[in-house]
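# Architecture and fold: a report
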Amino acid sequence: MKIFITKIFKFFLLLLLIITLLKIFEFKIGFQLPKNKYNTQFKQNSKWCEHRGSLIGRDTTQLCYISNRFGLRGNNWDKEEVEIFFVGDSYTKMMNVDQNNSIEQMFYDTHRIKCFNIGISGGRLKPLKFANYLINEHDFSPKYMFIEVVERGLQQYSESLSQSSNPIKEIFLSLFSLRLNMNSFLNIIKSKKPPSFPYVMVNNKKQYFYEFRSPRIIGLRNILKNMLNYQEKMKNRGVIVYYTIIPEPETAFKNYLNIKQYDSALNFEKLAKNSNLNLISLYDKFCENPQKFYLNDDSHWNLNGIKYYMQKVEEIIFKRPKQLRLDAVSRKTQHYVGT
């Protein structure tokens, strides 16, 4: 019996070792697990970017950015220094621009206001859950939280926005599971092939799209209710929340496309106007002249879009300058230095 128990123990120990090695392998080739659970970049391929951190790229362009102790894009500010959270998906992460042109860096360079860029690619509520985690479990106290979501991601806000997710627990649970991310293995193969995203010709240029369909979001009233509830809860904690819905390129370029439009972003903004929701609307501007604000070889916004969004944020903040703890913030010169 003792020998049998010993064999069982060795078997599970070996199984755990194999799973751990697989998870580490996932992590090393850019997967979310284990250390990269929140799909954030940190200092990989540093030999290419020297001190600047990760190497990322769009087509043949090599872009670099730095990362902090949480694996988030940007400087490693102390919690007492951080004034603003920028929370959102890949649009907020701004994978298509170098560090100098990311919104949190431009805010520091222009105004010496220290921000956290909690931009996390992927679905669900990962970015907002992580922001809640930093506030609830790490005692961050930003004065402003600017939450961005691309139009197709609006459906995620049907859930409660007050969820807080501890990454250590999620890594632990995932480590002891048998689930591997097979999509990531397929992406390795796909990455060796030319991209095959749909496109149309707009003013003699190829304009690429992510899905080539307009998203249909149901339950807009419930989503609005969840946003209002979260906005009020954070207000009671001294955090002013603003939301931004980024129109899908398929929505912004609707005059150039022959696809059915569900107008989810527009319908949501119409509902929001009759409520107390703090909303930064980009819809009219982005849809009026989409080529100015979207990359033509990628489905994200370009530098013009980022700077316009920053301008709208500045209009909000500097109408209330006394609410920023600028005098209490350390004036360290720790900031990005390009090469």
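Here, the structure is the one placed above.
One structure accompanies this document, and this report is about it. A quick note: this is a predicted structure, and the numbers were derived from the prediction, not measured. (Residues numbered from 1 in each chain as written. Predicted model: local features only at pLDDT ≥ 70, side-chain atom pairs only at ≥ 80, totals over all residues. Heavy atoms only, no water.)

## What to know about the side chain of Asn-302
Put simply, the rule is: Labels follow the DSSP assignment, with helices taken as runs of H or I lasting at least four residues and strands as runs of E lasting at least two, numbered in each case from the N terminus. Each polar contact in these results corresponds to two N or O atoms within 3.5 Å; when the atoms are within protein, one needs to be able to donate a hydrogen and the other to accept it, and residues that are neighboring in sequence are counted only if both atoms are side-chain atoms. Residue contacts follow a heavy-atom distance rule, with two residues in contact if any of their heavy atoms lie within 4.5 Å.
Checked against the element boundaries, Asn-302 lands in the loop between helix 12 (290–293) and helix 13 (303–317). Of the polar contacts made by the side chain of Asn-302, one reaches the backbone oxygen of Tyr-294; its length is 3.4 Å. When neighbours within four sequence positions are excluded, Asn-302 is seen to be in contact with Asn-96, Gln-291, Lys-292, Phe-293, Tyr-294 and Leu-295.

## Thoughts on the environment of Phe-293
On the secondary structure map, Phe-293 appears in helix 12. C-alpha of Phe-293 to C-alpha of Ala-252: the two residues are 41 residues apart in sequence and 9.6 Å apart in space.

## Structural notes on the sheet that holds strand 8 (residues 240–246)
Each strand in a sheet pairs with its neighbour through backbone hydrogen bonds, running either in the same direction (parallel) or in the opposite one (antiparallel). This is how the line gets drawn: We treat two strands as partners when DSSP finds at least two bridges between them. Between the N-to-C directions of two axes lies an angle of 0 to 180 degrees, each axis being a line fitted to C-alpha atoms and, for a helix, fitted only over the stretch in contact.
In spatial order, the strands read 4-3-5-8; together these 4 strands make up an open sheet with parallel pairing. Sheet topology places strand 4 (115–119) and strand 8 at the edges, where each strand pairs with a single neighbour. The average undirected angle you get between the axes of adjacent strands in this sheet is 15 degrees. In this sheet, strand 8 lies alongside strand 5 (residues 144–150) in parallel orientation, the contact comprising 7 bridges. Residue pairing across strands places Tyr-144 opposite Ile-240, the latter belonging to strand 8. Lying on the sheet, helix 5 (residues 126–137) is in contact with strand 3 (84–88), strand 4 and strand 5; it crosses strand 3 at an angle near 150 degrees. Along the sheet, helix 13 makes contact with strand 3, strand 5 and strand 8, crossing strand 5 at roughly 150 degrees.

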